[in-house]
Each structure stands twice: as C-alpha cells, then as structure tokens.
Amino acid sequence: MTVGLAEAQQALDRGDYGQCLRLLEPLATTHPINEPEGALIRMLMVTAWMGQGEERRAISTCRLLTRCKDPDLRIRARQLLNVLEAPSLERPARWSMQLPTLEMTPRTGQRPRLSRRRRLPAPPPPPPTGPTQAPSAGFAAVVLAVLVGLTLLLGGCVQIRADLDLVGPDRLEMNWHINSLSGRTLPWQNNFQAALRDQEPNWTATQGREGELNLASRPLNTDTAAKLLADSVARAGRTAGLSLPPPSLSLHERNWLVGVQQNLTLNLDLTEITSLPSDSLLISIGPGTDLSQVSSAPLPARLDNQRIVWPLAQGAVNHLQWQRWQWSRLGLGGLGILGLLLISTLLQSIRQSLGFGYPQLPS
C-alpha cells in the first residue's frame, strides 16, 4: 500500500487528479475509513476531488473524516470543510461576453445569417482571470494558517510563559505554559504541539485543563537548550503565520571550586508582534532573590515567589542579563574535609608539644 500511496501522492503533486483517484479507489475498498490508513487515503481523494471540482463528494467525505481517530486528520478535515462550505460569490453579468444567436437553414451549403435583433453595444472585455475554481489543499492550509495567526495576534486570547530554571552548573530546564484565555483549546495550540512531535526526546507535552498546554524539557546543557529554544520559537511563529528571528541564549560560568559564578544573557526580537495585550508574553527565571544583579530592557523585571519575572515588550528587541552565584556542594564538602584535616593536624601538634605521644602509643 505504501507504493500505491506514494504514486498517488506524486500524481496529486503534478495535478493529475484522475490518475490519483484511479490509484486510490482500489485502496479505499480494502481499507475502511475508520482505520488510520483508510482515513489518509480519503484525505488524498478529497484533495483530488477538489482539483476536479467535485465539491459534493469532497464535502461528504470531509464530514466523515471529522469523526476519525487521528486528531491531525480531524483538524485538516474541519479546515477543508470550512473552505468547501464557504458561500460562493456571484459573478457580475458584465464580466461575461454575450454572443448573438445564429439561425441555420435546412438547405445545405447556405451560409448562416444573423437573427434580426437590435444590436447591443459591445460589452467590456472579460477580466484576465478565468472562472473561480475550488482552492487546492495547499492554498487552503496557507489561508487557514494566516487566519489562525491573525486570530491569535489580534484577539489577544492566549498567554505564553516560558520558565528557565538553573538546576546546576551548565544545566538548564525549560517549561512552556500556553493558556487560552477563552477557556477552550485553540487550533494553534494543537498545531504547535504537532509541530514539536519530532522533538519528543527533549519536550514532554501535557494537557491540563481545557485550553492549557504545558511543555517541559529534561535538564540540558546550555548549547542544547539554546538550540531547542530557538527552534521552538521558530516553529511557534511558522504555526501562527509569522517569521520570528531566533532568540539568543548564553550562559557563561566561572568555577571557583566552592561555587560557580554564572552570567545569563537572553535576547528576543519581537518586532513582528505588536497586537497582543500587556503581560501576554512572560519569561520566568529561577531561582532568584536579588534584583540588583538583573539588567533588563525595555521593561524591568520583578520578583515573584523567589523567581525573576520578566514581561516582554512587543514591537521591540528585549534584552536581559543576570549574574548569579551558585554554591557547589562538592566544593563545599571538599573544603569541609580539608578544614577537618587541618584542625586534626593542629590538635596533634599541640598534643605533642605538651609531651604526649601519638594516640595508642606510650609517651
């Protein structure tokens, strides 16, 4: 079946809808629509029917696909169904050219003559575009992505908070909390979660209440965390129909044996986003209890439950720098052992100076 699907997909890509349907119809008879393979076959057939202008068959199959088990196919079927059921606009009469009626005489060889009618002024030329055709699946996906992006940006119905936790030297944990303020799951949330499926070894997605999506990462080193953050922001922007510059995350550390001096720098370019309400985009960094070592622009950071909360400004480049000291348990333990050895040596020297010998030996 994989070979047949591949050939059908190739025929669909080059616009040969008839060949695509001839390849898919035998597969559809052996794979019912309630199976994952059968649902995928019907989705390709819907696209081919749309290319041929058979909207009724495409609409009826799309309605069946909205109840399939695959959540991605359900979403795509609903999107295509909205496009197919959209009302069509009537074309004005002046866009068409009317030809005079020709009368043919039964005698062979006689030229036809025009009917005697009042001559009408010549209509304006038709527009350069042809008749409206059913949109392709690719065009429908682009339009829906733009609409979702506009709804997300202009509606202000989502709040995104990214948590960065410094769990140790050169170790970062990231968590994303995406909440729909309407209390219902947005299509953008489902699409964004689907876009991150190939990153599942690094991200773990969990669903909270309705309209809440949480993404958590395992402890990562700085370079891996920076790449993961940049890639996730780029995918979030593409899902919403935007092109966001990748953020910059760096962590410079200096080890002093008993502790580590950390310098965290974060830059985010949000010049493409200008329509969200305030406090819709937040970054929380922890643990932190001292704002004197934090420098942020253009908006200042604040403390909240031993965390540094930084609201991001839209339409601007956001910059944050944080210097932090983190004690090392291994270094403190080694320093404690060294101190105990010094104290033991000092007590032994005092014992010898008083005329006592070594323990367990005669004086």
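Residues numbered from 1 in each chain as written. Predicted model: local features only at pLDDT ≥ 70, side-chain atom pairs only at ≥ 80, totals over all residues. Heavy atoms only, no water.

S.K.: Let's hear about the overall build of the protein chain: which residues, and what values?
M.R.: Of the regular secondary structure elements, the protein chain holds nine helices and 13 strands. Burial analysis of the protein chain (363 residues in total) assigns 36% to the buried set. In the protein chain, 57% of the contacts between residues at least 6 apart in sequence involve partners at least 24 apart. (Helix = DSSP H or I, 4+ residues; strand = E, 2+ residues; numbered from the N terminus. Buried < 20%, exposed > 50% of the residue type's maximum accessible area, 1.4 Å probe, protein only. Contact = heavy atoms within 4.5 Å.)

S.K.: Residues and numbers for the environment of G259, please.
M.R.: When you line up the elements, G259 lands in strand β8 (residues 259-269). On the basis of relative accessibility, which here comes to 0%, the residue G259 falls in the buried class. With 69 residues separating them in the primary sequence, G259 and S328 have C-alpha atoms 4.5 Å apart. Among all residues touching G259, those that are not within four sequence positions of it are R254, W325, Q326, W327 and S328.

S.K.: Let's hear about the packing of helix α3 (residues 36-52) against helix α5 (residues 71-84): which residues, and what values?
M.R.: Where α3 contacts α5, the axes come no closer than 11 Å and their chain directions differ by 20 degrees. Considered as vectors, α3 and α5 are oriented roughly parallel to each other. Crossing geometry of α3 relative to α5 is assigned as left-handed. Seen from α3, the contacting residues are A39, L40, M43, V46 and M50; seen from α5, they are L73, R76, A77, L80 and L84. Broken down by class, the residue content of the contact of α3 with α5 amounts to nine nonpolar, no polar and one charged. (Axes fitted to C-alpha atoms, helices over the stretch in contact; angles between N-to-C directions. Parallel < 35°, antiparallel > 145°, perpendicular 65-115°, else oblique. Left-handed = near helix turned anticlockwise from the far one by under 90°. Nonpolar A, V, L, I, M, F, W, Y, C, P; charged D, E, K, R; others polar.)

S.K.: Describe in detail the packing of α3 against helix α4 (residues 55-65), supporting the description with residues and values.
M.R.: Interaxial distance between α3 and α4 falls to 9 Å at its minimum, and their mutual angle equals 155 degrees. Accordingly, the angle class assigned to the pair α3 and α4 is roughly antiparallel. Seen along the crossing, α3 lies across α4 with a hand that is left-handed. In contact with A39, R42, M43, V46, W49 and M50 of α3, α4 contributes R57, A58, T61, C62 and L65.

S.K.: Describe the side chain of H177, and please don't skip the residues or the numbers.
M.R.: Relative to the helices and strands, H177 resides in strand β4 (residues 171-180). A distance of 3.0 Å separates polar atoms of two side chains, one belonging to H177 and the other to N214. Among residues more than four places away in sequence, those in contact with H177 are Q159, I160, R161, D163, L213 and N214. (Polar contact = N/O pair within 3.5 Å; in protein donor to acceptor, adjacent residues only side chain to side chain.)

S.K.: Talk me through helix α9 (residues 329-353); I want residue IDs and the actual numbers.
M.R.: For an α-helix, 3.6 residues make a turn, and residues three or four places apart therefore share a direction. The end-to-end C-alpha separation of α9 is 36 Å, in line with the 36 Å expected for 25 residues at 1.5 Å each. The positive-phi residue at the C-terminal boundary of α9 is G355, with phi of around 95 degrees. (Expected span 1.5 Å × (residues − 1).)

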